[in-house]
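Residues per chain, in single letters:
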Amino acid sequence: MANDVLVSFRGVQKSYDGETLIVKDLNLDIRKGEFLTLLGPSGSGKTTSLMMLAGFETPTAGEILLDGRSLNKLPPHKRDIGMVFQNYALFPHMTVAENLAFPLSVRGMSRTDISERVKRALSMVQLDTFRNRYPGQLSGGQQQRVALARALVFEPQLVLMDEPLGALDKQLREHMQMEIKHLHERLGVTVVYVTHDQGEALTMSDRVAVFHQGEIQQIAPPRELYEAPHNTFVAQFIGENNRLAGTLLSRDGAECVVRLARGEEVRATAVNVGAVGEAVSLSIRPERIRLNGHSEACPNRFSGRIAEFIYLGDHVRIRMEVCGQSDFYVKQPIAELDPALAVGDLVPLGWSVEHVRALDPLLSE
Ligand SMILES: Nc1ncnc2c1ncn2[C@@H]1O[C@H](COP(=O)(O)OP(=O)(O)OP(=O)(O)O)[C@@H](O)[C@H]1O
Ligand SMILES: [Mg+2]
């Protein structure tokens, strides 16, 4: 095993009832110092995977290694892993300082060392002046910071966070996202983070593992995940996506031709397609569609009728009817929007081969 790997899931499976596999066959290497996010819809097995790593759940099959050592028989408190959960679980009858001291005293650290560490942890999350308050006297964001400091105070090599910002309002959540991200950069600690919020995953992570039905669909850095999804589930789950259904007409290396239901032919990048004649789902991001004169050089050129403008301040989403589909979205930065466009207009549009990806027809629907 390469020594830059901290955690390895090897063929890990989990079933709670002895029948259904909640985690199917998890093989995942987490690198030292990495910020890895498990992202996926509700029930996809994110928390279960995290709980097995923490030691609160036992894998039904397979093993988990931490720094090359099998964790299977190691109880949670011996794993040297810090944890933060959605409901923080601070001890209400202890002050902030006492909450932070707790994980250190259970580890048998001396009083002077504890006091030094607690001081450092408090200043790390900028709560020095709150040390004698009780959790009930703090705001949600402050409580979350204490929870964060408590997970980091014993300087674990790995920190697990399960939807830690779920209870906070949008503004505070975004603030804490940056705070956690910067803390991670400063400390160099390895973080495994769980969320079902894709914006949060893209903003914070070095890599994101997209979970669906107990399996990783794709694991990649945020930009790659967005620009180069491997399958239709990922294309749909991350960002906005236009989907056109068709069948594979021909393939020539990295490029293919797909025929849509009404007979239009689209030249696309062949990413995840079967044999000629099989069903294909085309994926095109709304910001990659060119309108009017801008579409002239595009190898894929069609026309669409404008159905609706949705104004979003810095950009406009235009809902159009394209190739028989009435929910085809085009995204235009406000500065590039042609003010003459109106609902009902028939507009030429197009996209390049590079920006339309031919993927699987999403069988799980
Ligand atoms: N202790 C348990 N006993 C039985 N079934 C469980 C248990 N914990 C979770 N499950 C089931 O396992 C599946 C995966 O749950 P898990 O909590 O891992 O999902 P998740 O991806 O974290 O979802 P969410 O985003 O809603 O938190 C769900 O169908 C859930 O009902
Ligand atoms: Mg969960």
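This text goes with the structure placed above it.
Now for a quick tour of the structure. (Residues numbered from 1 in each chain as written. Chains lettered and ligands numbered in written order. Predicted model: local features only at pLDDT ≥ 70, side-chain atom pairs only at ≥ 80, totals over all residues. Heavy atoms only, no water.)

**Structural notes on the overall build of the protein**
Then comes step 1: Each helix and strand counted, the protein has eight helices and 20 strands in total.
Then comes step 2: Judged by the C-alpha coordinates and their principal axes, the protein covers about 75 × 45 × 35 Å.
Then comes step 3: When the 365 residues of the protein are sorted by exposure, 47% land in the buried category.
Then comes step 4: Pairs at least 24 residues apart make up 68% of the contacts formed inside the protein by residues separated by at least 6 positions.
Then comes step 5: Total accessible area on the protein stands at roughly 17,400 Å², and carbon and sulfur atoms take up 49% of it. (Helix = DSSP H or I, 4+ residues; strand = E, 2+ residues; numbered from the N terminus. Buried < 20%, exposed > 50% of the residue type's maximum accessible area, 1.4 Å probe, protein only. Contact = heavy atoms within 4.5 Å. Areas by Shrake-Rupley, 256 points an atom, 1.4 Å probe, with all protein chains shown as cover.)

**Let's talk about the sheet that holds strand β9 (residues 207–212)**
Then comes step 1: If you walk across this open sheet you meet the six strands as β6-β7-β8-β3-β9-β10, and the pairing is mixed. Each edge of the open sheet is held by one strand with a lone partner, namely β6 (81–85) and β10 (215–220). Between one strand and the next, the sheet's axes are offset by a mean angle of 15°, whatever the strand orientation.
Then comes step 2: Pairing analysis gives four bridges linking strand β3 (residues 35–39) to β9, with the strands arranged parallel. Bridge pairing in β9 links L39 to V210. (Pairing = 2+ DSSP bridges. Axes fitted to C-alpha atoms, helices over the stretch in contact; angles between N-to-C directions.)

**Here we look at the packing of helix α2 (residues 96–105) against helix α4 (residues 140–152)**
Then comes step 1: With their axes 8 Å apart at the nearest point, α2 and α4 run at an angle of 25° to one another. Looking at the two axes, α2 sits roughly parallel to α4. Like other packed secondary-structure pairs, α2 and α4 cross with a definite hand, here right-handed. Residue-level inspection shows V96, N99, L100 and P103 of α2 in contact with α4, the latter providing V146, A149 and R150.
Then comes step 2: In terms of residue class, the contact of α2 with α4 is made up of five nonpolar, one polar and one charged. (Parallel < 35°, antiparallel > 145°, perpendicular 65-115°, else oblique. Left-handed = near helix turned anticlockwise from the far one by under 90°. Nonpolar A, V, L, I, M, F, W, Y, C, P; charged D, E, K, R; others polar.)

**Details of the packing of aromatic side chains**
Each pair of aromatic rings is reported with the distance of its centres and the angle of its planes.
Then comes step 1: Tallying each qualifying case throughout the model produces five aromatic pairs.
Then comes step 2: Here the aromatic residues F302, F328 and W351 are joined through ring pairs into a cluster of three or more.
Then comes step 3: Sitting over the ring of F154, R107 keeps its end group 3.7 Å from the ring centre.
Then comes step 4: Above the face of the Y329 ring, R317 is positioned so that its terminal group lies 4.2 Å from the ring centre. (Phe/Tyr/Trp six-rings, centres within 6.5 Å; stacked < 30°, edge-to-face > 60°. Lys NZ or Arg CZ within 6 Å of the ring centre and 35° of its normal.)

**Re the site of ligand 1**
Then comes step 1: Taken together, Y16, I22, P41, S42, G43, S44, G45, K46, T47, T48 and H196 make up the full set of residues adjacent to ligand 1.
Then comes step 2: One of the backbone nitrogen or oxygen atoms of G45 is found 3.0 Å away from an oxygen atom of ligand 1.
Then comes step 3: A distance of 2.7 Å separates an oxygen atom of ligand 1 from a polar atom in the side chain of T47.
Then comes step 4: When isolated, ligand 1 has an accessible area of 640 Å², and the protein chains bury 57% of it.
Then comes step 5: In terms of residue class, the shell around ligand 1 is built from three nonpolar, seven polar and one charged. (Near = heavy atom within 4 Å. Polar contact = N/O pair within 3.5 Å; in protein donor to acceptor, adjacent residues only side chain to side chain.)

**Quick look at helix α3 (residues 111–124)**
Then comes step 1: With 14 residues, α3 extends 20 Å between its outermost C-alpha atoms, agreeing within 8% with the 20 Å of an ideal straight helix rising 1.5 Å per residue.
Then comes step 2: Those residues of α3 not exposed but buried are I114, R117, V118, A121, L122 and M124. Seen from one end, α3 has its buried residues packed into an arc of 150°, which puts them on one side. Exposed side chains of α3 directed beyond 90 degrees from the buried face belong to T112 and K119.
Then comes step 3: The inward-facing, buried residues of α3 contact α2, α4 and α5 (170–187).
Then comes step 4: Where α3 terminates, the next one or two residues include Q126, which has phi positive at roughly 55°. (Expected span 1.5 Å × (residues − 1). Arc of directions from axis to C-beta.)

**Points about the side chain of T95**
Then comes step 1: In this structure, T95 sits in the loop between β6 and α2.
Then comes step 2: Residue classification places T95 among the buried residues on the basis of a relative accessible area of 8%.
Then comes step 3: Setting aside residues up to four positions removed in sequence, T95 forms contacts with R131, N132, R133 and Y134.

**With respect to the environment of N99**
Then comes step 1: Tracing the backbone through its elements, the reader meets N99 in helix α2.
Then comes step 2: Separated by 35 residues in the primary sequence, N99 and Y134 place their C-alpha atoms 9.2 Å from one another.
Then comes step 3: Beyond its immediate sequence surroundings of up to four residues, N99 is in contact with L90, F91, M94, P135, V146 and R150.

**What about the nonpolar core?**
Then comes step 1: One finds V118, L148, M161, I180 and Y193 to be the most contacted residues of the largest nonpolar core, which totals 36 residues.
Then comes step 2: Of all the secondary structure elements, the ones that give two or more residues to this core are α2, α3, α4, β7 (158–162), α5 and β8 (190–195).
Then comes step 3: Element by element, the count of residues in this core is highest for α4, at six residues.
Then comes step 4: If sequence neighbours within four positions are ignored, V118 has contacts with A97, L100, A101, L104 and V153.
Then comes step 5: The next biggest cluster of nonpolar side chains, apart from the first, holds 29 residues, and it includes V280, L282, V322 and L341. (Core = buried A, V, L, I, M, F, W, Y, C linked by side-chain atoms within 4.5 Å.)

**Some remarks on unusual backbone geometry**
Across residues other than glycine, the phi torsion is negative in most instances, and most of the peptide bonds are trans.
Then comes step 1: If you check the backbone angles, D80 has positive phi at about 60° while not being a glycine.
Then comes step 2: Residue N292 is not a glycine yet carries a positive backbone phi of 50°.
Then comes step 3: Looking at the secondary structure, you find N292 in the loop between β15 (290–291) and β16 (300–311).

So far we have only geometry, and geometry alone does not tell us how the molecule works.
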